[in-house]
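Chain residues, written in single-letter form:
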Amino acid sequence: MRRLLPVLALSALLAGSATLAQVDGGSRGVAPVDSGSSFEVAGVTVDVAGKTAEAARYGGWRLAQRKAWMQLSRRLGGPGTLLSDGALDQLVSGIVVENEQIGPTRYIARLGVLFDRGRAAGLLGISAYADRSPPMLVMPVIWQGGTGQAFERRTPWQEAWARFRTGDSRIDYVRPAGTGADSLLLNTGQMGRPGRGWWRAILDQYGASDILIPTVRLSRQWPGGPVIGVFEARHGPDDELIGRVTLRVGSAAGLPQLMDAGVARLDSIYQDALRTGRLSPDASLSPPPAPAPEPAPVAEPTIDTLLADIAASNAVAVTVQYDTPGTSSVANSEALIRSLPGVRSASTTSLALGGVSLMRVFVDDPAAFATALRSRGFEVSGGGAALRIRRPAAPAATTTPSATGPG
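Residues numbered from 1 in each chain as written. Predicted model: local features only at pLDDT ≥ 70, side-chain atom pairs only at ≥ 80, totals over all residues. Heavy atoms only, no water.

Draft legend 1. Representation of the overall build of the protein chain. Looking only at helices and strands, the protein chain features 12 helices and 15 strands. Here the protein chain holds 407 residues, and the buried ones make up 35% of them. If you take every contact in the protein chain between residues at least 6 apart in sequence, the share linking residues at least 24 apart comes to 63%. Summed over its atoms, the accessible surface of the protein chain is roughly 22,500 Å², and 56% of this surface lies on carbon and sulfur atoms. (Helix = DSSP H or I, 4+ residues; strand = E, 2+ residues; numbered from the N terminus. Buried < 20%, exposed > 50% of the residue type's maximum accessible area, 1.4 Å probe, protein only. Contact = heavy atoms within 4.5 Å. Areas by Shrake-Rupley, 256 points an atom, 1.4 Å probe, with all protein chains shown as cover.)

Draft legend 2. Summary view of the environment of Arg 196. With respect to the secondary-structure elements, Arg 196 resides in helix H8 (residues 196–206). Along the backbone, Arg 196 and Pro 287 are 91 residues apart, and their C-alpha atoms lie at a distance of 9.6 Å. Not counting the four nearest positions on each side in its chain, Arg 196 is found in contact with Pro 237, Asp 238, Asp 282, Ser 284 and Leu 285.

Draft legend 3. A look at the pairing of strand E8 (residues 210–220). Of all the 11 residues making up E8, eight are buried; the element is thus mostly covered by neighbouring parts of the structure. One ladder, built from three bridges, connects strand E4 (residues 136–138) with E8; its direction is parallel. Note that in E8 the partner of Met 136 across the bridge is Asp 210. Alignment of strand E5 (residues 141–144) against E8, held across three bridges, turns out to be parallel. For Ile 142, the partnering residue across the bridge sits in E8 and is Val 216. Inspection of the sheet shows E8 paired to strand E9 (residues 227–235) by nine bridges, in the antiparallel sense. Of the residues in E9, the one forming a bridge with Leu 212 is His 235. What sits between E8 and E9 in their antiparallel hairpin is a turn of six residues, with Gly 224 showing a positive phi close to 80 degrees. (Pairing = 2+ DSSP bridges.)

Draft legend 4. Spatial organisation of the nonpolar core. Counting 28 residues, the largest nonpolar core has Trp 157, Phe 231, Leu 258, Met 259 and Tyr 270 as its most contacted members. Those elements that place two or more of their residues in this core are E4, helix H5 (156–163), E8, E9, strand E10 (240–249) and helix H9 (255–275). Among the elements that make up this core, the one with the highest residue count is H9 (eight residues). Leave out the neighbours within four places in its chain, and Trp 157 touches Pro 140, Val 141, Ile 142, Pro 214, Thr 215, Val 216, Phe 231, Met 259, Gly 262, Val 263 and Leu 266. By size, the runner-up hydrophobic cluster in this structure holds 20 residues, among which are Val 318, Phe 369, Phe 378 and Leu 387. (Core = buried A, V, L, I, M, F, W, Y, C linked by side-chain atoms within 4.5 Å.)

Draft legend 5. Structural context of the sheet that holds strand E13 (residues 355–363). One open sheet holds the five strands; their spatial order is E12-E13-E11-E15-E14, and the pairing between them is mixed. Both edges of this open sheet fall to strand E12 (343–350) and strand E14 (379–383), since each of them pairs with a single strand only. On average, each strand axis in the sheet is inclined to that of its neighbour by 25 degrees, with strand direction left out of account. In this sheet, E13 lies alongside E12 in antiparallel orientation, the contact comprising six bridges. When the bridges of E13 are listed, Val 343 appears paired with Val 363. Running over the sheet, helix H11 (residues 327–338) touches strand E11 (316–324), E12, E13 and strand E15 (386–390) and is turned about 155 degrees from E12. (Axes fitted to C-alpha atoms, helices over the stretch in contact; angles between N-to-C directions.)

Draft legend 6. Inspection of helix H12 (residues 366–375) at higher detail. Regarding H12, the residues found buried are Phe 369, Ala 370, Ala 372 and Leu 373. The buried residues of H12 all sit within an arc of 160 degrees when viewed along its axis, so they share a single face. The outward face of H12, more than 90 degrees from its buried face, is lined by the exposed residues Ala 367, Thr 371 and Ser 375. Lining the buried residues of H12 we find E11, H11, E12, E13, E14 and E15. In this structure Asp 365 caps H12, since a side-chain oxygen of it lies 3.3 Å from the backbone nitrogen of Ala 367. (Arc of directions from axis to C-beta. Polar contact = N/O pair within 3.5 Å; in protein donor to acceptor, adjacent residues only side chain to side chain.)

Draft legend 7. Inspection of empty space enclosed by the protein at higher detail. Within this structure, the stated rule accounts for one cavity of 30 Å³ or more. By volume, the largest cavity is sized at about 70 Å³. What lines the largest cavity is simply Val 30, Pro 32, Val 138, Pro 140, Phe 151, Gln 158, Trp 161, Ala 162, Arg 175 and Pro 176. The element that contributes the greatest number of residues to the lining of the largest cavity is H5, accounting for three residues. Taken together, the residues of the lining of the largest cavity break down into eight nonpolar, one polar and one charged. (1 Å grid on protein atoms, 1.4 Å probe; cavity = no way out; pocket = protein on both sides within 12 Å on 5 of 7 lines; lining within 4 Å. Points joined across faces, edges and corners; volume = space filled by probe spheres on them. Nonpolar A, V, L, I, M, F, W, Y, C, P; charged D, E, K, R; others polar.)

Right, here's the structure in full:
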């Protein structure tokens, strides 16, 4: 046992170190470069000569602004007219250097130009902001060497999604940086979990409504040689395949360009799916509705409650004495009195079978009640709050003596 304790302590220490390295590893995490809404025109090529390297570079950027504005104008339905350099300086929010070669008097480059969305839309006469999708959480997964990775380590696929500029996309991407608990919450194991409860907890953590899983599978022909990437646009907790595209690059040095092209193609697939209605959020990811409150139990009214309600309605209580030769006469008398106009309730309070019973009747008008009883053939005596009712006695049969003659 004494020998076993140091081994267990060392195992616990190593396990804790592994967990700490998984969460706080320095080789993870790529923050998105730009999540703004600028219009972007990429791949603008320039070749400019100048007196100095700085003058040539400045002239190249000026030329890139002009060419990019004409491309953007035509793309958004404008006439493609050229603006002055002063006006373009007010519209351009940034220059992205994709590739450049600087000589003593020459500048050759491929640039990207970012335009302020609000100002550019105002000049072109279009809406600055188009309808976008609900927030979609992005979990880029790369498969290479038989192993899948998301945010466990920094990958070329994650870096490509961080470089991607989302201003021109109709998809509202939520791109995690890959730091903190991202590697524990978003990994390849999570892709196979269909349970909606844990997915809802993750989406709430990132403020998203649904999940997008762009996937790439890389295969290399030989070390340093051509690289083939199979890109798949997947969606939802059920890992639904929306589209697939295969791209190839001639050498491993072109892997970043391959990744960037794959991101652009998958973004186009996701936008097409949004337009056709295939990218609508999964209803099962919405929080379940709150249970309806149980209705309060309704207490059965008691005799005292009924009497209080009747008293509150300004009804007058009348005690009626009536003959009850049998049990059927009780029910018949109560039913008859309840049917009279102005009667609220009628119930026998003192029963004497074979004699005279007492009935308590609540009426609107005692005089009208007595008149109604007489109209039904009762003999009514008394008045006010105490009445005595009787059925009139049937007339006795009379016999006529027969006449006889003298004997």
